Structure formats: C-alpha cells, structure tokens
Amino acid sequence: MMNDWAALSDRLRETADRPIRALFSDPNRAQNFSAILETPATGPILFDYSKTNIDEATRAALLDLARARGVEARRDAMFQGARINETEDRAVLHTALRNLQGSVTVDGQDVMPEVRATLARMESFARDLRDGRIRAAGGRVTDVVNIGIGGSDLGPAMAVQALSPYADGPRCHFVSNVDGAHIHDVLEALNPETTLVIVASKTFTTIETMTNAQTAKAWMSRAVAEPTRQFVALSTALDKTSAFGIDPARVFGFADWVGGRYSIWGPIGLSLMIAIGPEDFRAFLAGAAAMDQHFLTAPLEANMPVALAMVGVWHRQVCGHAARAVLPYDQRLARLPAYLQQLEMESNGKRVSMDGQDLEVPSGPVVFGEPGTNGQHAFYQLIHQGTDVVPCEFLLAGQGHEPALAHQHRLLAANCLAQAEALMQGRTLEEARALMAAKGLEGEQLERQARHRVFPGNRPSTTLLYPKLTPAMLGAIIALYEHRVFVEGVVLGINSFDQWGVELGKELATQLLPMIEGKASTEGRDGSTAALVARLREFGV
C-alpha cells in the first residue's frame, strides 16, 4: 500500500512550505479548483477547494491514488448490491432508499418493490397523521417523540431542525441519551394524550432506546388507557414490537443492508416526513439521488464527492492534520457537525484494513464543528493562531429563509468568507508592527504587542456554496458527505460500514450494571473500576 502513497509524499515535501495565497498568481485558480454540480432537483452547488495547497500535480497524484485503490470499481459494486461490507457479509444499499426509478438486485432479487412499498406505507401514515385521521386519546396528535440513538437519532434530529422552514406538521422532539434527564425534560412539556412516540431500533434491543421506550410507555400509561396505540416502531423485530404492544401495521422495517448512520432515507426518517410532509420528503430523497447519479457517472476529475474526499485524504493521511472542522454558516445546520462526526468517525475510525492488517497511514480525522458565527467566539482562536493546523470546511447558502432579515444573512456571509480568507492570508509580523505603530505604540511594547497579533495563515479551507437550504439541497449535501466517507475508506483500504468499536463498551456496561446495583461483586475488575463502583454506591447511585 505504501507504494501507492509515494507520489503524494513527494508532493508534500515539495509543497509543504509554499503559501497557499501564492497559488492565486494563477488568475483562474478559483475556477480550476472548484467542482460544480447543477441538477433539476437541487439547482447549482459549488465546491471550492482553491484555498488549499493542492496544485495540478498534487491533484493528479491524488486521483491516481484513487484509481489505484479501486474507487471506481468499488463504487460500482456498491450501487450494484455487492456485499462490500465484508466483515458482516452484507450489501451496502442506503442509496436504494432514494433510487425510486430503477431496480437494484441483491442475491438475485430486486429489492426496490419492497423499498417503494415501505415508502408508500410511510407516506400514507404521515398524511393520515398530519391530516388528523390518525388521532391520539386526546384528539389530534400535536407532538411526536422519536426515541433512538446514534443513526436512529442524529439523522432525523439534524434534518428536522435543518428543514424547520418546511415543517408544518406536528412538533417533533428527540430523545437519545439513557440519562433520565433527557427523556424527563422532553416529556415534561408534552401532553401524553396528544403525543405519538416513535421507537427507532432495528433489533428492538438497543438498551438505551428500549429503556427510554419503557419510560415513555409508563409516562403515557398514567393518562392514556391504551398507551401503545400511540406508539410506532421502526424495526425489523416484529416479535419484539408485538410483545411491546405495538400494532404490526405501525411497524416499519428496513433491510440489513441499511446501516444506522445511513438510514435517514427510509423508515428512520419517518419523523422528518411527519414534520415536513411526504412531498418535501420525496424532494429530500430526490436531492440525494441526484448526487448519487453524479457520483456514479461523473469522471473522477469532475466528481464532487471524489474532490471532497481527496482533499480530506491530502490533509489527513498525507499532511498529517489530525482534525477537521465542519463549519456551517447556517444556524439550522447546528446539528450537521455532530451528524458528520458520527458518519466519518464511526465509518473510518478503524485501525486495520479489509484483510485485517494494521494500517500504515492514519485513519479518519477527529471531526468537530459549530455553526457560524458562534464558533468564531469559541474555538476559532485555536484554528487561527494555535500550533496545530485544522483544515476547515465552510458551508454557506446564498439566501436564507427570512427575506425581512436579508441584511443579517449578508453579514453572516461576509463573516464566512472573511474567516476563510483570514485562515489563508494570515498576518505577518511586519503587518502587525505597522498596525501597532498606527496605534501609537513604540519600542519594546510595540514589538511585544505585534507578536500577539501575528496570524501564521496558510491554513487550508474549502467552501460549499449553494443557493438555499431546501429539502433537495439538504439531501444532496448529506449524500455528498456519505460518498466522501466511502471514497476515503476505499483509499484507506478499510471497511467503512461496520462499527465493532462500539461493541466492547456495551459488553462491559452489561457486566458492570449488576455490580453498580449491588447484585454482584467487583472481584476481578481493575482497581480503579472497583473503587469507582464502591464510591458510586456510597453516593447512593
């Protein structure tokens, strides 16, 4: 594998000390280092990666690496239903949930009739609920509580907030944490007689989700004679949902080729469909499907997910930058960084390749972020003047949803572009000295103050620019990042679709619970854990 990286290592040695802004001596750099996609579903999307240290030779080497690692063949295999999730022997077909026109075969069987049938059931249920034909004990349903965790929570919670201008259905709330404070604070403000609860767990055994579901059931039973009539399950475990008391007609299942963090497009997206309506949910799917087709058909040189992925590979695996900041300049995308954090870190946070051998390069980066301009007053200080380089990914719409506040959106946009420019340009010591001299400082005081105002600059960023955050545009953005993670995983030679790293902690928690409850001894545990259990019991846990 290391031979595949040799050309990029050579490029890094040649370009490491080169200022990014020097590359703009080419008047066409912004155009040459951008990817543009325009579809009927989404309108135009622009991905600008010109504020990176990637030049023509580096880009060619990155694309050569993608080809050498088999990105195109692996991509085609995924869309064709091959079992590319090899450690779990599964296909990877979340794209089928939004491919409403064609057919997709898994093990000789077309899976699309079932996908379309499930979508039609979801739409019928959502319409009946939104129109008041499905009612709760107290009348029309006013609130929906989605109980899930991980992909069963992050996706719909993020999307419902992002598309709130389109939300004209019941209010949607989300519970994920097993901490009782979470469900308590959500339910406290609701009326059980007009609330619908969605329990999202494929196996209906996820301990956090099922604990919260039982709490919600107990809460509702205090006011509703038949509480489970106001429950819906997103699950394939019909025996368990029936045992819970949920009508099979209100159970929506999905196949094992849909991973949790890729599941917003199907039944896990039911809360989003209830919030924005089936028509806008279909637009959401259409935007993602448009990005799928672009990813599947565009040559690598003009392929937006590939460009985004190879920028990521350059920064993480070649340059060695350990973190990546996702910075949406849109308050409604406040949960997008957390969503992408799971998507990237659960997918590509691995240490062995597909053949079980240790990786010879770093795996995925730490992903974090906040919406602008809030982040500017939090962690941007480290990004601008800290000792570590953190590549930044800005997202910005041309228009907001509040015409009367367009002046504030223009200020938001100015801040976004200014941050990207400042990261690249920086401020030299000479410029800082001149700034302090203009303020009347002299001598040692001038020198000391100037040094505090130096910005090293040469810090890379990308910008994703689009006209407006619509359902279709959000679908396209999520699909863009899904495919980015896929390409990065293929280049690394890892399986991006399993998550064994979440299992060990679950197993140990199951062992520790009876010890914390005082029903089992801590004999055999390490000294720290045993002492902490004892102290917790003293505290009255």
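This text goes with the structure placed above it.
Figured I'd write up the structure that's included with this text. (Residues numbered from 1 in each chain as written. Predicted model: local features only at pLDDT ≥ 70, side-chain atom pairs only at ≥ 80, totals over all residues. Heavy atoms only, no water.)

## Notes on the sheet that holds strand β7 (residues 143–147)
Here is step 1: One open sheet holds the five strands; their spatial order is β8-β7-β9-β10-β11, and the pairing between them is parallel. Looking at strand neighbours, the two that pair on one side only are β8 (171–175) and β11 (251–252), the edges of this open sheet.
Here is step 2: Along the sheet face, helix α6 (residues 151–162) touches β7, β8 and β9 (195–200) and points at about 150 degrees away from the line of β8.
Here is step 3: Strands in contact with helix α8 (residues 207–221) are β7, β8, β9 and β10 (231–234); relative to β9, the strand with the most contacts, it is inclined by about 160 degrees. (Pairing = 2+ DSSP bridges. Helix = DSSP H or I, 4+ residues; strand = E, 2+ residues; numbered from the N terminus. Contact = heavy atoms within 4.5 Å. Axes fitted to C-alpha atoms, helices over the stretch in contact; angles between N-to-C directions.)

## Quick notes on the sheet that holds strand β14 (residues 392–397)
Here is step 1: If you trace the six strands from one edge of the open sheet to the other, you get β1-β2-β15-β14-β12-β13, paired in mixed fashion. With one partner strand each, in any of the chains shown, β1 (34–39) and β13 (366–368) form the two edges of the open sheet. Pairwise comparison of adjacent strand axes, ignoring direction, gives a mean angle of 15 degrees for this sheet.
Here is step 2: As defined by bridge partners, β1 adjoins strand β2 (residues 43–48) across six bridges and the pair is classed as antiparallel. Note on β2: the bridge partner recorded for E38 is P44.
Here is step 3: Those strands touched by helix α13 (residues 336–348) are β12 (323–328), β13 and β14, and its axis lies near 165 degrees from that of β13.
Here is step 4: With respect to the sheet, helix α15 (residues 406–425) is in contact with β14 and β15 (461–466), its orientation differing from that of β14 by roughly 155 degrees.

## Description of the packing of aromatic side chains
Here is step 1: Across all of its chains, the model carries 14 aromatic pairs by this definition.
Here is step 2: Aromatic side chains F47 and Y49 sit 5.5 Å apart centroid to centroid with 25 degrees between the ring planes, which places their arrangement in the stacked category. Here F47 matches Y49 in class, with each residue buried.
Here is step 3: Here a set of aromatic residues connected by ring pairs shows up, and it is made of F79, Y262, F295, F486 and F497.
Here is step 4: One cation-aromatic arrangement involves R59 over F33; the distance from NZ or CZ to the ring centre is 4.1 Å. (Phe/Tyr/Trp six-rings, centres within 6.5 Å; stacked < 30°, edge-to-face > 60°. Buried < 20%, exposed > 50% of the residue type's maximum accessible area, 1.4 Å probe, protein only. Lys NZ or Arg CZ within 6 Å of the ring centre and 35° of its normal.)

## Remarks on helix α7 (residues 180–188)
Here is step 1: Regarding α7, the residues found buried are I183, V186 and L187. Viewed end-on, α7 has its buried residues packed into an arc of 90 degrees, placing them on one side of the element.
Here is step 2: Contacts from the buried residues of α7 go to β7, β8 and α8. (Arc of directions from axis to C-beta.)

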